[in-house]
Amino acid sequence: AEVVIVQDESEAGDLIAGSILSLIEGRPDAVLGLATGSTPLPVYRALARRVAQEQLDVSRVRGFALDEYVGLPAGHPESYRSVIMREVVEPLGLTPSRIHVPNGDLATIQTASDEYEDAIIAAGGVDLQILGIGRSGHIGFNEPGSSFASLTRVKTLTESTRADNARFFDSPDDVPMHCITQGLGTILRARHLVLLAFGSAKAHAVAAAVEGPVTASQPGSAIQLHPHVTVVIDEAAASELT
Ligand code: F6R
């Protein structure tokens with residue numbers, strides 16, 4: 001992987017927004033892989049600013065979210081569909097019907113994974129996948145033990161991930177138990193992976209992903225199997241790299 005160490009989150013946001021802008025300029029219907037959580041927010045903010053400044057036409061851009069909670073009521077403000085609409089689609093002015101999020105509705109959960117895989121394939125695959133990483137080493141919601149060949153499927157969230165995400169909910173008990181997530185195999189099919197991490201809490205997971213052994217106990221290490229990876233981290237997140 002190419003590792004870029006930045007001063008702060010806003011430098012990371014500007015850098016990656018620049019790559020995404022060039023991608024869209026060359027390919028107006030580019031397919032973006034969208035992560036949620038706190039990490040990618042500086043990218044989305046920088047992107048919204050640049051798209052407005054340069055009056056870039058993003059109406060044909062397509063997007064696929066990495067994951068979604070299972071069983072939240074439709075329209076819940078913390079569903080990843082709501083978050084992607086609020087943080088990405090609205091500020092950038094993307095076309096909502098071109099942005100896909102796995103369907104975490106319990107009534108149709110049996111078929112949702114295959115449908116999502118089919119939709120990614122029908123779109124021709126993801127051009128640039130933005131990734132965050134969890135303290136446990138997860139990417140998407142592929143917790144330790146996930147197969148490198150895994151495709152979109154329903155998973156149980158670990159207690160540590162539920163605790164990490166409790167900040168978005170009224171009470172820790174409100175964090176769903178299950179999620180539907182792109183698999184590591186799905187993520188590895190994207191043409192370019194951009195992994196971001198900030199802060200010392202991510203240092204161990206970053207070191208394991210970038211230079212640890214390739215092992216299912218560190219899902220982030222799957223990026224070592226991909227030929228085109230950019231890792232953008234601050235000093236604190238880089239502190240356990242040798
Ligand atoms: C989110 C996702 C997760 C997060 C990870 C880090 O779609 O797939 O892998 O990227 O949990 O979360 P933050 O960025 O909130 O620290």
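Throughout, a residue's number is its position along its own chain's written sequence, starting from 1. Local features in this predicted model are restricted to residues whose pLDDT is 70 or higher, and side-chain atom pairs enter the listing and the counts only when it is 80 or higher, whereas totals over whole chains, interfaces and linings include all residues.

## Points about the pairing of strand 10 (residues 229–234)
Phase 1 of the analysis: For the exposure call, what matters is how many other C-beta atoms sit within 10 Å of a residue's own: 20 or more marks it buried, 12 or fewer exposed, and in between partly exposed, using C-beta atoms placed from the backbone. Numbering of helices and strands starts at the N terminus; helices are DSSP runs of H or I of at least 4 residues and strands are runs of E of at least 2. Counting buried positions over the 6 residues of strand 10 gives 5, a clear majority of the element.
Phase 2 of the analysis: Where strand 1 (residues 2–6) and strand 10 come together, 5 bridges link them in parallel fashion. Across the sheet, Val3 pairs through a bridge with Val231, a residue of strand 10.
Phase 3 of the analysis: DSSP bridges decide pairing: two strands pair if at least two such bridges lie between them. Bridging between strand 9 (residues 192–197) and strand 10 involves 5 bridges; their strand directions are parallel. Its bridge partner lying in strand 10, Leu195 is registered against Val231.
Phase 4 of the analysis: When the strands point away from the viewer and the path from the first strand over the helix to the second turns clockwise, the crossover is right-handed. Taken together, strand 9, helix 7 (residues 203–211) and strand 10 constitute a β-α-β crossover, and its handedness is right-handed.

## Brief notes about the sheet that holds strand 6 (residues 128–131)
Phase 1 of the analysis: Read across the open sheet, the 7 strands follow the order 1-10-9-6-2-3-5; overall the sheet is parallel. Unpaired on one side and paired on the other, strand 1 and strand 5 (99–100) mark the two borders of the sheet.
Phase 2 of the analysis: Two elements, strand 2 (residues 31–34) and strand 3 (residues 62–65), share 4 bridges in a ladder whose sense is parallel. From the neighbouring strand, Val31 faces strand 3, where its bridge partner is Arg62.

## So, the UniProt feature "site: Part of the allosteric site" (unreviewed entry) in the chain
Phase 1 of the analysis: Per the UniProt record, the feature "site: Part of the allosteric site" (unreviewed entry) sits at Ser146, Arg153, Lys155 and Thr156.
Phase 2 of the analysis: With respect to the helices and strands, the residue Arg153 is situated in strand 7 (residues 153–156).
Phase 3 of the analysis: Arg153 gets classed as buried once you count the C-beta atoms within 10 Å, which come to 21.
Phase 4 of the analysis: Residues are treated as contacting if the C-beta atoms built from their backbones sit within 7 Å of each other. In contact with Arg153, other than residues within four places in its own chain, are Ser113 and Gly183.
Phase 5 of the analysis: Assignment of secondary structure puts Lys155 in strand 7.
Phase 6 of the analysis: The exposure class assigned to Lys155 is buried, which follows from the 22 C-beta atoms found within 10 Å.
Phase 7 of the analysis: The contacts of Lys155, once residues within four sequence positions are left out, are Phe141, Glu143, His178, Cys179 and Thr181. UniProt positions are given in the numbering used here, feature names are shortened, and annotations may be inferred rather than shown by experiment.

## Considering the UniProt feature "active site" (unreviewed entry) in the chain
Phase 1 of the analysis: The UniProt record marks Asp67, His138 and Glu143 with the feature "active site" (unreviewed entry), using the residue numbering of this structure. On the basis of their most widely separated C-alpha atoms, the annotated residues across 77 residues gather in one place, lying no more than 12.4 Å apart.
Phase 2 of the analysis: A count of 25 C-beta atoms within 10 Å places Asp67 in the buried class.
Phase 3 of the analysis: Sequence-distant contacts of Asp67, that is, excluding residues within four places in its chain, are made with Tyr80, Pro102, Gly140, Phe141, Cys179, Ile180, Thr181 and Gln182.

## Describing the environment of Val175
Phase 1 of the analysis: Within the secondary structure layout, Val175 lies in the loop between helix 5 (159–165) and strand 8 (178–181).
Phase 2 of the analysis: Note on Val175: 20 C-beta atoms within 10 Å, which makes it buried.
Phase 3 of the analysis: Along the sequence, Val175 and Glu87 sit 88 residues apart, while their C-alpha atoms lie 20 Å from each other.
Phase 4 of the analysis: Apart from residues lying up to four places away in sequence, Val175 is in contact with Arg162, Asn165, Ala166 and Phe169.

## Some points on helix 4 (residues 109–122)
Phase 1 of the analysis: For helix 4, which comprises 14 residues, the first-to-last C-alpha distance of 20 Å matches the rise-based estimate of 20 Å (1.5 Å per residue) to within 8%.
Phase 2 of the analysis: Every buried residue of helix 4 is listed here: Ala112, Ser113, Tyr116 and Ile120. A helix is expected to span 1.5 Å multiplied by its residue count minus one.

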